[in-house]
Amino acid sequence: SSNQRDLSFYHTHTGENLAITYHDGHSFIKPALEEIDHFFSDFRTGDVYPMDPRLLDMLFLLQHKAKSKKKFEIISAYRSPKTNNQLRSKSNGVAKRSLHMQGKALDIRLRGFGTKNLQHLAKSLKTGGVGYYKRSDFIHVDTGRVRYW
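Please read these numbers as outputs of a predicted model, since none were measured by experiment.

A. Examining the pairing of strand β3 (residues 72-76) more closely. Of all five residues that make up β3, five are buried, and the element is covered over most of its length. Two strands pair when backbone bridges link them, and strand β1 (residues 5-11) and β3 are joined in this way by three bridges, in the parallel orientation. The partner of Y10 across the bridge, within β3, is E73. Of the strand pairs in this sheet, β3 and strand β4 (residues 105-110) are connected by four bridges, and their pairing is antiparallel. Along β4, the bridge assignment pairs S76 with D107.

Structure, rendered in structure tokens:
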């Protein structure tokens with residue numbers, strides 16, 4: 001259908017690319033979601049976890065608002081508790097109960113689109129949390145409650 005939803009990704013840690021139709025206009029496509037879960041797995045441990053499909057819709061909306069068809073760069077998606085603890089020991093910017101561990105958060109960039117502008121668009125959606133990391137040049141989006149940092 002003309003309402004199908006597509007996204008394309010580049011994973012900054014694995015170098016993998018994925019272009020996929022995840023929604024057919026009526027419902028989410030289960031095999032596509034499973035493929036995305038694998039793509040978004042914890043690259044440090046190999047653990048796969050079901051990602052919240054609302055994250056995909058958030059990205060789809062962001063791309064639409066940005067009037068872009070470019071790839072999303074994925075910096076961090078699912079994180080196992082083990083990985084999250086390792087990252088916490090190195091950085092104070094990692095939450096103990098990170099939504100990354102629940103498959104409800106992504107750290108992203110949109111190619112060819114300013115990260116600060118992407119943050120503004122993400123906040124305008126009011127669909128969850130949005131964090132801006134200027135030094136590392138990415139934004140965090142999640143499907144938790146609406147809050148900004």
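Here the narrative resumes.
B. Looking closely at helix α1 (residues 30-39). Among the residues of α1, those classed as buried are A32, L33, I36, D37 and F39. Buried residues of α1 fall within an arc of 160° about the axis and therefore sit on the same side. Exposed side of α1, more than 90 degrees from the buried face: K30, P31 and H38 are the residues found there. On its buried face, α1 is in contact with β1, β2 (17-23), α2 (53-65) and β3.

C. Focus on the environment of N17. Structurally, the position occupied by N17 is in strand β2. With relative accessibility at 46%, the residue N17 sits in the partly exposed group. For N17 and N92, which are 75 residues apart along the polypeptide, the C-alpha to C-alpha distance reads 30 Å. Not counting residues within four places of it along the chain, the set of residues in contact with N17 comprises F9, Y10, F39 and K71. Polar contacts involving the side chain of N17 include one to the side chain of K71, which spans 2.9 Å.

Calculation notes
Residues numbered from 1 in each chain as written. Predicted model: local features only at pLDDT ≥ 70, side-chain atom pairs only at ≥ 80, totals over all residues. Heavy atoms only, no water. Buried < 20%, exposed > 50% of the residue type's maximum accessible area, 1.4 Å probe, protein only. Helix = DSSP H or I, 4+ residues; strand = E, 2+ residues; numbered from the N terminus. Pairing = 2+ DSSP bridges. Arc of directions from axis to C-beta. Contact = heavy atoms within 4.5 Å. Polar contact = N/O pair within 3.5 Å; in protein donor to acceptor, adjacent residues only side chain to side chain.

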